[in-house]
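# Secondary and tertiary structure notes
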Amino acid sequence: MPRQRRGLAARRAGLGYTQERFAETVGVERSTVWRWEKGTAAPLPEQRPRIVSVLGVTPEELDDLLNETAAKDTSSPQSHVPEHPGVTSTSSWDDPDELWLQLQELQESNVGDEQLRFLEDQVPRIVAEYEHRGPVELGPVVVRARRQVHQLLRGRQTLRIRYRLHRLAGQLAGLAGYMAVNMGRFRLANVYCQEALLCATEIGDVDLQAWVWGTYSLGAYYQGDFQQAYSHAGRGRALAPQSPQSIRLLVNGQARALGKLGDRAGVEKAVGQALSLLDHHEISPELTPCLSFEPYGYARLAANAATAYVPLGDTERVLHYTGDVDTAVEQADSDWSRALVRLDVATALLRQPDPDLEHALALGTESVRICADHPIRSVWQRAHTLYGLAQRWAGDARVTEFTEVLRTWWSRPQVRDVAGGPTR
């Protein structure tokens, strides 16, 4: 004999709804309706008004239907203990209908390949456009994409899709963290990096984990915590010392921090290790975008090595590495890189025994002009360092002129945005 429907199932069938059509009308999966009718789950508060409307009942009548369903389930003779030892109860086996629905659930996903590819394609596009549009314009784009991925993660996906979503979530959080550093919003950057690291660890993406530790290090460096910057980079290197990601960790993370700490031997060792590691990997020598997840090639390595030698007063090494990278920087579509290299050279020229004030201030003025409309924290900070060194010649007309250029630049809203305090 066919099973007698009672409660919710009887009301639904009496109105001519199949289980599948009812699920579609209410806006849930068919397996969810099946559980309501079995009495193993109850509708969520936000789902109840729609169910009430579709069934044409009051909220109280819906409760009665659900209670009747639950009572039927608990009184089912299938739940009784078998009378004869050794005889297996049918309740120890899966219900074929439930098994079929579970099989469908394993294949369900709230995001398809096409939608996921669209979201994934945004990452390289953001990286490529970053140095043209900057964090002020692109930051909200990244944040919106990140929120969209988080919304999707609340749904159901196959394991393959979920892996890709976690990787995408980690990349977007990492990009947001990097941009927050460039805006001087360090507390926000740390939280984004925590999220990126969690996602990368969850899926075992060691390269992404290393990249995130490099971004942690970058944030500590621009807050003036050079020991922490060194340590963060070291944690990233410990994950995969021979990974090409360690090139960035060695020169951008450790060498630059050691330079600020006055450790010449440490800088030379870190730069040497980065050069040795570069020899073991086939990496394009061209200047990659600063936001890229790709490993550093020689151009990025040399630019960061130059920065590491600036606070040590080693003008010869600074000019050596900036000379190596000069062609790549000028050919690259990167105003920030051009400005930063010029500021490094300018600072080195003022730190040498025979300072070249005129050339240094000319380079400083040119750097400010290059980044007038889209500054980042690193350009602001190095310009500020150059200004401090130039005060040794405070009475010189060239210094007065340079100071006025900087004050005009610093008064711009875009510049004030990136010059916030380290606790932001």
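The coordinates are above.
What comes next concerns the included structure. (Residues numbered from 1 in each chain as written. Predicted model: local features only at pLDDT ≥ 70, side-chain atom pairs only at ≥ 80, totals over all residues. Heavy atoms only, no water.)

### Some points on the nonpolar core
In plain terms, the rule: Here, nonpolar core refers to any group of buried Ala, Val, Leu, Ile, Met, Phe, Trp, Tyr and Cys residues whose side-chain atoms link them within 4.5 Å. Burial classification: accessible surface area is computed with a 1.4 Å probe over protein chains only, and a residue below 20% of its type maximum counts as buried, one above 50% as exposed, and the rest as partly exposed. Only DSSP runs of H or I covering at least 4 residues are called helices, and only runs of E covering at least 2 are called strands; the numbering of each starts at the N terminus. We call two residues in contact whenever any of their non-hydrogen atoms come within 4.5 Å of each other.
Ranked by size, the top nonpolar core spans 80 residues in total, and within it Val379 and Trp409 carry the most contacts. Here this core gets 14 residues from one element, more than from any other, and that element is helix α7 (residues 113-153). Residue contacts for Trp409: discarding those within four places in its chain leaves Val368, Cys371, Ala372, Pro375, Val379, Trp380, Ala383 and Val415. Ala274, Ala299, Ala302 and Val310 belong to the second largest nonpolar core, which has 29 residues in total.

### Observations concerning the pattern of salt bridges
Cut-off, in case you're wondering: Between Lys or Arg on one side and Asp or Glu on the other, a salt bridge is scored when a side-chain nitrogen of the former is within 4 Å of a carboxyl oxygen of the latter.
Across all of its chains, the model carries 18 salt bridges by this definition. Of the charged contacts, one joins Arg133 and Glu129 as a salt bridge, the two residues approaching to 2.6 Å between their closest N and O atoms. Of this pair, Arg133 and Glu129 both sit in helix α7, 4 residues apart, which is roughly one turn of the helix. Judged by relative accessible area, Arg133 falls into the partly exposed class, the value being 30%. Several salt bridges converge on common partners, so that one network encompasses Asp113, Glu120, Arg160 and Arg164.

### Remarks on the environment of Glu268
For Glu268, the location among the structural elements is in helix α13 (residues 264-279). According to the relative accessible area criterion, Glu268 is partly exposed, its value standing at 35%. Here the alpha-carbon distance between Glu268 and Ala305, two residues 37 residues apart in the chain, equals 9.0 Å. Residues contacting Glu268, with those up to four places away along its chain left out, are Tyr309 and Arg317.

### Some remarks on helix α2 (residues 19-26)
Applicable threshold: Arc definition: directions from the helix axis to the C-beta atoms.
Of all the residues in α2, the buried ones are Gln19, Phe22, Ala23 and Val26. All buried residues of α2 lie within an arc of 100 degrees about the axis, which places them on one face of the element. α2 presents Glu20 and Glu24 as exposed residues on the side facing more than 90 degrees away from its buried surface. Of the surrounding secondary structure, the elements contacted by the buried residues of α2 are α1 (7-14), α3 (30-38) and α4 (48-55). Phi turns positive one or two residues past the end of α2, at Gly27, with a value near 95 degrees.

### Looking at helix α19 (residues 397-410)
For the record, the criterion: One fewer than the residue count of a helix, multiplied by 1.5 Å, yields its expected span. Within 3.5 Å is the distance limit for a polar contact, defined as a pair of N or O atoms, with the added protein rule that one can donate a hydrogen and the other accept it, and that residues adjacent in sequence qualify only through two side-chain atoms.
Its 14 residues place the ends of α19 20 Å apart at the C-alpha level, agreeing with the 20 Å of an ideal helix rising 1.5 Å per residue. In this structure, the buried side of α19 is in contact with α17 (357-370), α18 (377-390) and α20 (413-418). If you check the start of α19, you find a side-chain oxygen 2.7 Å away from the backbone N of Arg398, and it comes from Asp396.

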